[in-house]
Amino acid sequence: MSAGQTRSLWSDRTISVLSPLVLLGLWEICARTGIVDVRFFPAPSNIIGHLFELASSGALWRHVGASLYRLAAGFVVGCVPAIVIGLAIGLYRPVRAAFDPLISATYPIPKSSLLPLILLIFGLGESSKIAMVAIGVFYPVVINTAAGVRQIAPIFLDVGRNFGASRFNMFRTVALPGALPLIMTGIKLGAGMGLVLIAIAEMVGAKQGLGYMIWNAWELFDVQTMYVGLFVIAIIGFVMNAGFDALERAIVPWRKG
Amino acid sequence: MTVPTTTAELPGGGQASAPKISLRDVTKRHDTQLALDRITLDIPVSTFFVVVGPSGCGKTTLLRMLAGLDAPSEGRIDIANSQPGHPQNSMVFQGDSLFPWMTVWDNAAYGLTMRKVPKARIDEVVGHYLNKTGMYGARTLYPHQLSGGMRQRVSIARAFANDPDILLMDEPFSALDEQNKTLLHEELLRIWEETRKTVVFITHSVDEAVTLGDRIMVMTAGPGRIKTIVPVNLPRPRKVVELRHTPAYGELVYDIWAQLREEVDRARSREPGSKA
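The rules behind each value
- Residues numbered from 1 in each chain as written.
- Chains lettered and ligands numbered in written order.
- Predicted model: local features only at pLDDT ≥ 70, side-chain atom pairs only at ≥ 80, totals over all residues.
- Heavy atoms only, no water.
- 1 Å grid on protein atoms, 1.4 Å probe; cavity = no way out; pocket = protein on both sides within 12 Å on 5 of 7 lines; lining within 4 Å.
- Points joined across faces, edges and corners; volume = space filled by probe spheres on them.
- Helix = DSSP H or I, 4+ residues; strand = E, 2+ residues; numbered from the N terminus.
- Nonpolar A, V, L, I, M, F, W, Y, C, P; charged D, E, K, R; others polar.
- Core = buried A, V, L, I, M, F, W, Y, C linked by side-chain atoms within 4.5 Å.
- Buried < 20%, exposed > 50% of the residue type's maximum accessible area, 1.4 Å probe, protein only.
- Contact = heavy atoms within 4.5 Å.
- Phe/Tyr/Trp six-rings, centres within 6.5 Å; stacked < 30°, edge-to-face > 60°.
- Pairing = 2+ DSSP bridges.
- UniProt positions renumbered as here; feature names shortened; annotations may be inferred.
- Buried area = accessible area lost by both parts, 1.4 Å probe.
- Salt bridge = Lys/Arg side-chain N within 4 Å of Asp/Glu carboxyl O.
- Polar contact = N/O pair within 3.5 Å; in protein donor to acceptor, adjacent residues only side chain to side chain.
- Axes fitted to C-alpha atoms, helices over the stretch in contact; angles between N-to-C directions.
- Parallel < 35°, antiparallel > 145°, perpendicular 65-115°, else oblique.
- Patch = residues over 30% accessible without salt bridge, like charges linked within 9 Å, V, L, I, M, F, W, Y side chains within 5 Å.
- Areas by Shrake-Rupley, 256 points an atom, 1.4 Å probe, with all protein chains shown as cover.
- Expected span 1.5 Å × (residues − 1).

Description of empty space enclosed by the protein
All names here are of chain A.
Then step 1. Inspection of every chain in the model, using the stated rule, returns two cavities of 30 Å³ or more.
Then step 2. Space inside the largest cavity adds up to approximately 50 Å³.
Then step 3. Every residue along the wall of the largest cavity is listed here: Ser-67, Leu-71, Leu-195, Ile-198, Ala-199, Glu-202, Leu-210, Gly-211, Ile-233 and Ile-236.
Then step 4. Counting residues per element, the ones that place at least two in the lining of the largest cavity are helix H3 (59-91), helix H8 (167-202), helix H9 (210-219) and helix H10 (223-251).
Then step 5. For the lining of the largest cavity, the element with the most residues is H8, which contributes four residues.
Then step 6. In terms of residue class, the lining of the largest cavity is built from seven nonpolar, two polar and one charged.

Quick look at the structure:
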């Protein structure tokens, strides 16, 4: 990596840290000088103060914990079958023929519109929330995994065969690592979709979770709590993405450059 | 797999002992298009056998059939197995064939790993060939961190390390610049002298063919047939740059180019619009 590249990478990072800070600073100034209505847009300093209050009372952690649990469970339930089915679709034509139309027909349905049906099937408990996340995670992962297998250059399959790879090793040393970069892309998209859906699902028929917290705050016109909920969701999304990026760098070291 | 052949006047023959590779009326069709037409050929053991021909003459098809990656439509291919427990062939592919997700070391060790060779033996063999190709220092790097020439060195190390009965090379240097090509010719010859494995090497470069080969088979424009097989009686071990200054080398290049020229012209005359 040249010095110039290093420098531009560094300044990119500086900009991406600074831009939200600048925005928050502007917001703070506007709120304090009365340019914006603090009933709808309370100053960030007030929101953060309120965040600490909610955190120290323990209420925030209860909601965060509930949402994270559902997110994690739904992620596993959606992701594992998506990778298995995606690899099978990519590798075997009959599987592709069977699943492709199903997936392309159901993919465009907005996942949030499935909530009533999911509530009908799974009831108001945890399983309906987990199912919503799982559905959100499933589609991007299955589609990207299948595409990941199919974009593997045929020469790598030839190399595997020529050097005596068994069927299992063909899968382990060629198909899976070859598809891994796109699988990771699917996982990141899926996790983001899961976060969107958990917030929506928790607004209906939940007694805790960040979605419930936001919805409840709206009903009570507790705008600051609403912002705390939004803020925490944003942070979870950010941390999740950074975590998956780090994971990707660790397990896809050949993708650099 | 061995078939005793007693043929005396076959195009590639001339040797009394049983051939290492023997093809009988090997024909390949892609759909209805005839790619290779009744190739009958014997390649003696320890021969560096080079195939030249115009683009689209079926050279690569021929090699893929020798590798077992494609099956002939008709005819048979026999490869005598002299080392039990060793793979029959290893291929050096045209273009980038190193797994981007493996380090240089893991790529070079791939064949041995797939065959579950003991680790100590893998370390020894892979270390040897990475040293020979000058890639030992780069063993922890990934292919995207290497130049094209370095990648082909690893690809060659991978094939030799696998210790196959025969080596198949499909225009392995065609994407490289002249300087790199010359260096790799020297390295390939040096490594080959150690083992003297039977090689089938495909190229479109007459220079490369004469530099490396013991015999050069010129193929006709598609459908591919054997036009002629020319023995190369240049002494070994060869020094690439010095060799290219000798009159014998120049004569051979001229002869083969003259043969090839007819076929290239024929292939070209078919090009404008007219499809078979």
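Let us keep going from here.
Digging into the nonpolar core
Among soluble globular proteins, nonpolar side chains are generally buried collectively.
Then step 1. Within the largest apolar cluster, 84 residues are counted, with the highest numbers of intra-cluster contacts made by A:Leu60 and B:Leu23.
Then step 2. Beyond its immediate sequence surroundings of up to four residues, B:Leu23 is in contact with B:Ile39, B:Thr40, B:Leu41, B:Asp42, B:Leu62, B:Leu66, B:Arg76 and B:Ile77.
Then step 3. With 52 residues, the next largest nonpolar core counts B:Trp105, B:Tyr129, B:Leu130 and B:Ile156 among its residues.

Section: the packing of aromatic side chains
Then step 1. By the definition in use, this model includes 15 aromatic pairs over all chains.
Then step 2. Centre to centre, the rings of A:Phe156 and B:Trp101 are 5.4 Å apart; their planes meet at 65°, and the pair counts as edge-to-face. Of the two residues, A:Phe156 sits in helix H7 (residues 154-162) while B:Trp101 sits in the loop between strand S5 (89-92) and helix H2 (104-108), which places them in two different chains.
Then step 3. In this structure B:Trp101 comes out as buried when scored by relative accessible area, which is 11%.

Description of the pairing of strand S2 (residues 33-43) of chain B
All names here are of chain B.
Then step 1. In terms of residue burial, S2 counts as a mostly covered element, since eight of its eleven residues are buried.
Then step 2. Inspection of the sheet shows strand S1 (residues 21-30) paired to S2 by seven bridges, in the antiparallel sense. What sits directly across from His-30, in S2, is Gln-33.
Then step 3. Where S1 folds back on S2, the antiparallel hairpin that results is connected by two residues, among which Asp-31 adopts a positive phi of roughly 55°.

Brief notes about the UniProt feature "domain: ABC transmembrane type-1" (unreviewed entry) in chain A
Then step 1. Taken from the UniProt record, the annotation "domain: ABC transmembrane type-1" (unreviewed entry) applies to residues 64-248 of chain A.
Then step 2. Overall, residues 64-248 of chain A shows 84% helix and 0% strand. The separation of its end C-alpha atoms is 25 Å.

Describing the environment of B:Leu188
Residue and element names in this part refer to chain B.
Then step 1. Along the chain, Leu-188 falls in helix H6 (residues 178-195).
Then step 2. Here Leu-188 falls in the buried class, since its relative accessible area comes to 1%.
Then step 3. Once the C-alpha coordinates of Leu-188 and Arg-153 are considered, the two residues, 35 residues apart in sequence, prove to be 8.8 Å apart.
Then step 4. Not counting residues up to four positions away in its chain, the partners in contact with Leu-188 are Phe-48, Ile-156, Phe-160, Met-169, Phe-173, Phe-201 and Leu-212.

Description of helix H1 (residues 59-66) of chain B
Residue and element names in this part refer to chain B.
Then step 1. Across the eight residues of H1, seven count as buried, placing the element largely inside the fold.
Then step 2. Those residues of H1 not exposed but buried are Lys-59, Thr-61, Leu-62, Leu-63, Arg-64, Met-65 and Leu-66.
Then step 3. Looking one or two residues past H1, Gly-68 carries a phi angle of roughly 80°, positive in sign.

Some details on the interface of chain B and chain A
Then step 1. Chain B puts 24 residues into the contact, and the matching count from chain A is 19 residues.
Then step 2. Together chain B and chain A conceal approximately 1900 Å² of surface at their shared face, both sides included; 66% is due to carbon and sulfur atoms.
Then step 3. Looking at the side of chain B facing chain A, the largest losses of area belong to B:Leu69, B:Trp101 and B:Met114, adding up to 34% of the total buried there.
Then step 4. Our count for the chain B to chain A interface comes out at one salt bridge.
Then step 5. At the surface where chain B touches chain A, the tally comes to six residue pairs in polar contact (both at pLDDT 80 or more).
Then step 6. Taken together, the elements giving at least two residues each to the side of chain B that touches chain A come down to S5, helix H3 (110-114) and helix H5 (148-161) of chain B.
Then step 7. Along the lines of polarity and charge, the residues of the side of chain B that touches chain A split into 13 nonpolar, eight polar and three charged.

Some words on the packing of helix H2 (residues 44-57) of chain A against H10(A)
Residues and elements named next belong to chain A.
Then step 1. Direction vectors running N to C along H2 and H10 enclose 85°, while the axes themselves pass 9 Å from each other. When the axis of H2 is compared with that of H10, the two are roughly perpendicular. Two secondary-structure elements touch here, H2 through Asn-46, Ile-47, His-50, Leu-51 and Leu-54 and H10 through Gln-224, Thr-225, Tyr-227, Val-228, Phe-231 and Val-232.
Then step 2. Each residue belonging to the contact of H2 with H10 can be placed in one class, and the counts come to seven nonpolar, four polar and no charged.

A closer look at a nonpolar patch on the surface
Residues and elements named next belong to chain A.
Then step 1. A cluster of nonpolar side chains, contributed by Val-17, Leu-18, Leu-21, Val-22, Leu-24 and Leu-26, occupies part of the molecular surface with about 530 Å² of accessible area.
Then step 2. Examined against the element boundaries, Leu-26 turns out to sit in helix H1 (residues 3-32).
Then step 3. For Leu-26, a relative accessible area of 48% gives the class partly exposed.

Digging into H10(A)
Structurally, the α-helix is built with 3.6 residues per turn, so residues lying three or four positions apart point the same way.
Then step 1. Here H10(A) is 29 residues long and its end C-alpha atoms lie 42 Å apart, about the 42 Å a rise of 1.5 Å per residue gives.
Then step 2. Restricting attention to buried positions, one finds in H10(A) the residues A:Val223, A:Thr225, A:Tyr227, A:Val228, A:Gly229, A:Val232, A:Ile233, A:Ile236, A:Gly237, A:Met240, A:Phe244 and A:Glu248.

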